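Spelled out, the chains give:
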Amino acid sequence: MILVDILAGGVRGGTSIMYAALGETVSERAGVINLGTEGCMLTGALTGFAVTFQTGNPWIGVLAAALAGAALALVHGVLVVGRGVNQFASGLTIFFLALGLTSLYGDSFVGTSIHALDPIQIPLLGDIPFVGPILFRQDALTYLSYVTAPLMWWLLFRTRAGLLVRTAGERVDVLTVHGYRPETIRYAAVGIGGALAGVGGAHLSIAYAQSWFENMIVGRGFIAVALVVFACWQPLRVMAGAYLFGACLALSPVLQAQGLGINQFALDALPFVVTLLALAVFGRRTLLAAPEELKRVLDRTSA
Amino acid sequence: MSTTTDPVVVPPVVSESGAPSSDAGGTRRRLVALARWVGAIVIAVVVFGVLVATRGANPFSVFSDAISSTLFNATSVQEIVIKAGPMALAALAVVIPARAGLVNVGGEGQLLVGAVAAGGTALLLDRSAPGVVVMIAMGVAGALAGAVWAGLAGLLRLTAGVNEAVTTLLLNYVALDLLLFLIYQPWRDTAGSGQPTTRPLADGAKLPVLTGTSIHVGIGLVLLAALATWVLLNRTVWGFTLSTIGGNPEAARRAGIPVPRMMLTSLLYGGGLAGIGGMIHFAGVEYQLRPGILVMIGYSGFLASWLGRHRVLPVLIASLVLSALIVSGDSLQLDSDLPAATANVLTGLVLVAVLGWTGSRPWIRNRKKATS
């Protein structure tokens, strides 16, 4: 069934975008947009792969990827929060840095592969027609992502920490008045964002491709940033959006497997075109939903 | 600007002499700024050296090899100039909208569609029309394509309120896929083997080069465009109006300035320049479209624009510097067996250091915000 293949591929391919976009949601909720998400994913992908390759344990790899992603994001944090650098300029700088670092350190891993985080079929659930192959024959990191999105919603909207993060993005003054340091909260949010982007990258290298190659993220991180915007900074909508892009990405291999002669590059452009269209349609609405501090960045960027 | 009221006193010396802003204070400030620049670059270079050393390469020989094979080699120097050309135009595509407070991260895509449009025009005309006509047609097509690409982001910004940094970034990937789509199928040179490319440009339509070098007339065009941009931004009402929008869009709107139209024009103008950048690289250097054409040049242009703080002459210099870094990357690969993209590390580090340690301090900005 083509539809099942596309949807299953959508879940599989969307997972890395979802992790990154969930992280970016936290960061943007606190008022910091990070175009370097692409770079954090790259770093996470390489670190995750390299550590898994060395230790043989993918979970240590995922953990290392999260740390590496967070470390890189914190460079962005220092520039943006600490030094007041333009967020887009800093983000792209981070991307460059990651691009260079991963090719410098990833050189020796090109061409190697690992066998970790293979798809596991969940006994009964995996046999459900239609739903089973889509949702329950995935890898462990994908299963984990099913809980991460609701968990992130709960953290952001039902806990004190989430309230602080959202306040940092809405009304910094309130935090100051109540004796909190908005900078600290923003650093934390940016760090969490980078860590999740790192996990997203690790999913791509450890579970999805099970190999490493230079610049393997090819824009997924940028899509994640755009996704957060048109998902109105809501974790559950982010989840849905990520699967939409995953499905766009899955279209090309599935159709090729079916022997349909569609130019691959027309399909490769699809996720980006869909993102642009979604932004065009939902743009006005998202601007109203944007956190106040973020609106300053998005709506009018000062040099 | 009195520094005495500053809640965070940077060096105590400044607060002592800062009461009346004298010439001596200005010179000192300039010296401090210069020292910060030098310090930032030195730190970046040192960190890069350490990173390179962790990969088992001797940083000193890496640097000396890179410098000798990049700056003291005529071919490499020409290569730097040739790559700096489109990069500078992509950087100007960032500079102009930046005056209105817009962030154009789409130089990469605008360069690519410029090259694609020039390539398409060449395929149509170069065997039938005289060379000069083809060149002009390619230039116009490139400029239009680049302008359309940036204009798309501008329209999305104005109609749907979507931030232009995000959309221009996404459009880069669409442009890349468009290029690949065309050269893998409809425009593919069936006579070529190996890497898919378009058919090479007819000799008559190639941009003339300075005899004995590979520097083509497009580079002159870059300088002209830079000059025109400088005049436009600094010596015309249009440029002044644009800066007004960047300063305070609400005030500009109330003063009767057509803010949306100005924003769109600035993006169209910038995109057009980047499109020309793509065209000169196609018609002056590559002569055919290939998969890796102009890769990372547009992004480097974006960084060059920030490195030069959106002022025309510094941006040109920054383009040369970043271009030299890219070219030195190739020498890294040959001499030290490090991947060519390693040079991006140095670019990134320089940017981190320069953006972080030479710019305006956040508390200064906060104070500005408080007074406005």
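Please read these numbers as outputs of a predicted model, since none were measured by experiment. (Residues numbered from 1 in each chain as written. Chains lettered and ligands numbered in written order. Predicted model: local features only at pLDDT ≥ 70, side-chain atom pairs only at ≥ 80, totals over all residues.)

1. Brief notes about the overall build of chain B
- Along chain B, the regular secondary structure elements total 15 helices and 0 strands.
- When each of the 372 residues of chain B is scored for burial, the buried share is 50%.
- In chain B, the proportion of contacts linking residues at least 24 apart, taken out of those at least 6 apart, comes to 75%. (Helix = DSSP H or I, 4+ residues; strand = E, 2+ residues; numbered from the N terminus. Buried ≥ 20, exposed ≤ 12 C-beta atoms within 10 Å, placed from the backbone. Contact = placed C-beta atoms within 7 Å.)

2. Focus: the overall build of chain A
- Helices and strands together make up the secondary structure of chain A, namely 14 helices and 0 strands.
- Reading chain A from its N terminus to its C terminus gives the helix and strand order α-α-α-α-α-α-α-α-α-α-α-α-α-α.
- Taken over C-alpha atoms, the radius of gyration comes to 19 Å for chain A, in line with the 19 Å a tight globule of 303 residues would show.
- The principal-axis extents of the C-alpha atoms in chain A amount to approximately 60 × 40 × 40 Å. (Rg over C-alpha atoms; globule rule 2.2 N^0.38 Å.)

3. Some remarks on the confidence of the model for chain B
Residues and elements named next belong to chain B.
- Taken residue by residue, chain B gives an average pLDDT of 87. The fraction at 70 or more is 90%.
- This model gives residues 1-21 a pLDDT under 50, and the stretch forms 14 contacts once residues within four places in sequence are excluded.
- Taken as a whole, residues 362-372 scores under 50 in pLDDT and shows 6 contacts with residues more than four places along the chain or in a different chain. (pLDDT = per-residue confidence, 0-100.)

4. What about unusual backbone geometry?
- Within the chain, Gln 210 of chain A stands out as a residue other than glycine whose phi angle is a positive 50°.
- The class for Gln 210 of chain A is partly exposed, based on 19 C-beta atoms found within 10 Å.
- Even without glycine at this site, His 310 of chain B takes up a positive phi of about 60°.
- Tracing the chain through its elements places His 310 of chain B in the loop between α12 (297-307) and α13 (312-336).
- A count of 20 C-beta atoms within 10 Å places His 310 of chain B in the buried class.

5. Some words on the nonpolar core
- Counting 228 residues, the largest nonpolar core has Leu 227 of chain A together with Leu 92 of chain B as the members making the most contacts within it.
- Discounting residues that sit within four places of it in the chain, Leu 92 of chain B has contacts with Ala 225, Ala 226, Thr 229, Gly 270, Leu 273 and Val 315 of chain B. (Core = buried A, V, L, I, M, F, W, Y, C linked by C-beta atoms within 7 Å.)

6. Here's the deal with the interface of chain B and chain A
- Between chain B and chain A, the contact holds 49 residues from the first and 45 residues from the second.
- For the side of chain B that touches chain A, the secondary-structure elements that each account for two or more residues are α6 (131-160), α7 (164-184), α12, α14 (343-358) and α15 (362-371) of chain B.
- In terms of residue count, α7 of chain B provides more of the side of chain B that touches chain A than any other element does, 12 residues in total.
- Broken down by class, the residue content of the side of chain B that touches chain A amounts to 32 nonpolar, 13 polar and 4 charged. (Nonpolar A, V, L, I, M, F, W, Y, C, P; charged D, E, K, R; others polar.)

7. Observations regarding helix α2 (residues 37-55) of chain A
All names here are of chain A.
- In this model α2 runs 26 Å from its N-terminal to its C-terminal C-alpha over 19 residues, within 8% of the 27 Å that 1.5 Å per residue would give.
- Where burial is concerned, most of α2 is hidden: 17 out of the 19 residues are buried.
- Downstream of α2 by one or two residues, Gly 56 has phi in the positive range, about 80°. (Expected span 1.5 Å × (residues − 1).)

8. Focus on the packing of helix α3 (residues 58-82) of chain A against helix α9 (residues 182-208) of chain A
All names here are of chain A.
- At a minimum axis separation of 6 Å, α3 and α9 run at an interaxial angle of 140°. Considering their axes alone, α3 and α9 lie oblique with respect to each other. Crossing angle aside, the handedness with which α3 passes α9 is right-handed.
- Taken together, the residues of the contact of α3 with α9 break down into 17 nonpolar, 9 polar and 2 charged. (Axes fitted to C-alpha atoms, helices over the stretch in contact; angles between N-to-C directions. Parallel < 35°, antiparallel > 145°, perpendicular 65-115°, else oblique. Left-handed = near helix turned anticlockwise from the far one by under 90°.)

9. Considering the packing of helix α4 (residues 74-99) of chain B against helix α11 (residues 259-286) of chain B
All names here are of chain B.
- Packing of α4 against α11 leaves a shortest axis separation of 7 Å and a crossing angle of 175°. Relative to α11, the element α4 lies roughly antiparallel.
- A per-class count over the contact of α4 with α11 returns 16 nonpolar, 7 polar and 1 charged.

10. Some words on helix α10 (residues 220-230) of chain A
- Counting buried residues in α10 of chain A gives 11 out of 11 residues, a clear majority hidden from the surface.
- Among all positions in α10 of chain A, only Arg 220, Gly 221, Phe 222, Ile 223, Ala 224, Val 225, Ala 226, Leu 227, Val 228, Val 229 and Phe 230 of chain A are buried.
- Check the buried side of α10 of chain A and you find it contacts α1 (2-29), α2, α9, α11 (235-257) and α13 (270-289) of chain A together with α7 of chain B.
- Cys 232 of chain A lies just past α10 of chain A and shows a positive phi near 55°.

11. Comments concerning the environment of Val 273 of chain A
All names here are of chain A.
- Within the secondary structure, Val 273 is located in helix α13.
- With 16 C-beta atoms packed within 10 Å, Val 273 lands in the partly exposed category.
- Sequence spacing of Val 273 and Cys 248 is 25 residues, and the spatial spacing of their C-alpha atoms is 10.0 Å.

12. Examining the environment of Val 113 of chain B
- Here Val 113 of chain B shows up in helix α5 (residues 107-125).
- The sequence separation of Val 113 of chain B and Ala 141 of chain B amounts to 28 residues, and the corresponding C-alpha distance is 9.5 Å.

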